[in-house]
Amino acid sequence: MKKILKIVLWTILALVVLAGGALGLFIYKVKNGFPVSYETDAPNITFPDNQPAILLFSKTTGFRHGESIDASKPVFADLAKKNNWFLYETESGGVFNTPQLSKFSAVVFNNSTGEVINDTQKRALEDYVKNGGTLIGIHGAGDDSHHWDWYEHNLLGAKFSHHPIKQQFQEATVTLQTVSDTILGSQLPPQYKHTDEWYVFFENPKNKGFKIIYNINGDEISPDGNMLWMKDKNFGMGKDHPVAWYNTIEKGKTFYTSIGHDSRAWKNENVVKLIENALNWGIKK
Ligand SMILES: [Zn+2]
């Protein structure tokens, strides 16, 4: 009897140590980025002469929004068909080299999270945008897993804080703000209801010169993101809570929307229209 008790106690102790170690490692990874492997071989791509090329990049090394990524791919394929775009979809970072990037009219970080490309590839993407390229980010592309200052300053214009946890998914009224650009604002509904995981940023990107396309009334959602070791996350962005915005960066353009956690976004024609507009706006030089 004594022996069994001893085995049970040692087993419990071992499990506690293992669980503690795993939790510690997870917290470390969330704070410092996940160790990743980078692809550096340029892929073979045959670019058509008469179609704008879109790079759809869905690589994740942080949280993977698998449902959304899977649901987005046929939507992008349909949009490409409708608009006569050449769509190149990949989860490999080898394409982030200057010669190949220069062939793309727009690059989409499609819920791409974590550190997905190496420093050389990052510089290639930064130069691509500065020289007239377009970078588009969707939902997870705006979280704080990227550890890349240029990206945060030029695509997001704000630092990600958290998303609601107590009520992770909430319906909100998405309201159009002034969009002066006719392509970007084309046929956008002034208001619609949508349920999503509403990201909270530390500040409004309009303070950094970004132009807001859509916002929600942040006072109508519960922003509480407190969990386990994360405290002091029960704040939102207030009434003026942006969910889609854009900017021009030297000769290039950036667009980001925090909409898109799951397949609901890709079934919402208003969200799809916003993405379509952003791509057409990005393609137009
Ligand atoms: Zn999400």
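These numbers come from a predicted model, not from an experiment.

Here is what the cut-offs are and how they apply
Residues numbered from 1 in each chain as written. Predicted model: local features only at pLDDT ≥ 70, side-chain atom pairs only at ≥ 80, totals over all residues. Heavy atoms only, no water. Domains from an automatic or database assignment. Donors = N, O, S within 2.8 Å, 3.2 Å for Na, K, Ca; no water. Tetrahedral: all angles 85-135°; square planar, octahedral: opposite > 155°, others 65-115°. Buried < 20%, exposed > 50% of the residue type's maximum accessible area, 1.4 Å probe, protein only. Helix = DSSP H or I, 4+ residues; strand = E, 2+ residues; numbered from the N terminus. Pairing = 2+ DSSP bridges. Right-handed = clockwise from strand over helix to strand, strands pointing away. Phe/Tyr/Trp six-rings, centres within 6.5 Å; stacked < 30°, edge-to-face > 60°. Lys NZ or Arg CZ within 6 Å of the ring centre and 35° of its normal. Axes fitted to C-alpha atoms, helices over the stretch in contact; angles between N-to-C directions. Parallel < 35°, antiparallel > 145°, perpendicular 65-115°, else oblique. Left-handed = near helix turned anticlockwise from the far one by under 90°. Contact = heavy atoms within 4.5 Å. Salt bridge = Lys/Arg side-chain N within 4 Å of Asp/Glu carboxyl O.

Draft legend 1. Highlighting the domain arrangement of the protein. Examined at the domain level, the protein breaks down into domain 1 (1-32) and domain 2 (53-283). Each of domain 1 and domain 2 has a C-alpha centre, and the two are 39 Å apart.

Draft legend 2. Focus on the coordination of the zinc ion. Coordination of the zinc ion by the protein involves His-65 (NE2), His-139 (NE2), Glu-197 (OE) and His-261 (ND1), with metal-donor separations of 2.0 to 2.1 Å. Viewed at the metal, the four donor atoms of the zinc ion are separated by angles of 88 to 161 degrees, and the geometry they form is irregular.

Draft legend 3. Region of interest: the pairing of strand E1 (residues 53-57). With respect to burial, E1 is a largely interior element, five of its five residues being buried. Of the two faces of E1, the one carrying Ala-53, Leu-55 and Phe-57 and the one carrying Ile-54 and Leu-56 are both buried. Judged from the five bridges that link them, E1 and strand E2 (residues 86-90) form a sheet pairing that is parallel. Within E2, the residue paired with Phe-57 across the bridge is Thr-90. Since E1 and E2 lie parallel, the crossover through helix H2 (residues 66-83) that links them has a hand, and here it is right-handed. In the sheet, E1 pairs with strand E3 (residues 104-110) via five bridges, with the strands oriented parallel. Bridge pairing links Ile-54 to Ala-106 in E3.

Draft legend 4. Looking closely at the packing of aromatic side chains. Throughout the structure, instances matching the rule amount to 20 aromatic pairs. Plain terms: the ring middles of Phe-47 and Phe-86 are 5.9 Å apart, the flat faces sit at 70 degrees to each other, and that makes the pair edge-to-face. Here Phe-86 lies in strand E2 and Phe-47 lies in the loop between helix H1 (2-32) and E1, a separation of 39 residues in the sequence. Relative accessible area serves as the criterion here: at 18%, Phe-47 is assigned to the buried category. With a centroid separation of 5.5 Å and 75 degrees between ring planes, the pair formed by Tyr-192 and Tyr-214 is classed as edge-to-face. Of this pair, Tyr-192 sits in strand E7 (residues 191-196) while Tyr-214 sits in strand E9 (residues 211-216), placing them 22 residues apart in sequence. Its relative accessible area of 0% is what places Tyr-214 among the buried residues. Through pairs of rings, three or more aromatic residues link up here, namely Phe-57, Phe-96, Phe-109, Trp-148, Trp-150 and Tyr-151. Between Lys-253 and the ring centre of Trp-281, over which it is positioned, the NZ or CZ distance is 5.1 Å. The ring of Phe-169 is capped by Arg-264, whose NZ or CZ atom sits 5.1 Å from the centre of that ring.

Draft legend 5. Spotlight on the packing of H2 against helix H8 (residues 269-283). Running from amino to carboxyl end, H2 crosses H8 at an angle of 50 degrees, the nearest separation of the two axes being 11 Å. Relative to H8, H2 is oriented oblique. For the pair H2 and H8, the crossing hand works out as right-handed. Residues Val-75, Phe-76, Leu-79, Lys-82 and Asn-83 of H2 form the contact with H8, whose participating residues are Val-272, Ile-275, Glu-276, Leu-279 and Asn-280.

Draft legend 6. Highlighting the pattern of salt bridges. Going through the model one piece at a time under the given rule, you end up with 12 salt bridges. With a closest N to O distance of 3.0 Å, Glu-91 and Arg-64 form a salt bridge. With Glu-91 in the loop between E2 and helix H3 (98-101) and Arg-64 in the loop between E1 and H2, the pair connects residues that are 27 residues apart, well separated along the chain. A salt bridge links Asp-240 to Lys-206, with the nearest nitrogen and oxygen atoms 2.6 Å apart. Taken together, the positions of Asp-240 in the loop between E9 and strand E10 (241-249) and Lys-206 in the loop between strand E8 (200-201) and E9 put the pair 34 residues apart, joining distant regions of the chain.

Draft legend 7. Structural context of the pairing of E3. Counting buried residues in E3 gives seven out of seven residues, a clear majority hidden from the surface. Where E3 meets strand E4 (residues 134-138), four bridges bridge the pair, whose relative direction is parallel. Following the sheet pairing, Phe-109 is matched in E4 by Gly-137. For the handedness criterion, the β-α-β arrangement of E3, helix H4 (residues 119-130) and E4 is classed as right-handed.

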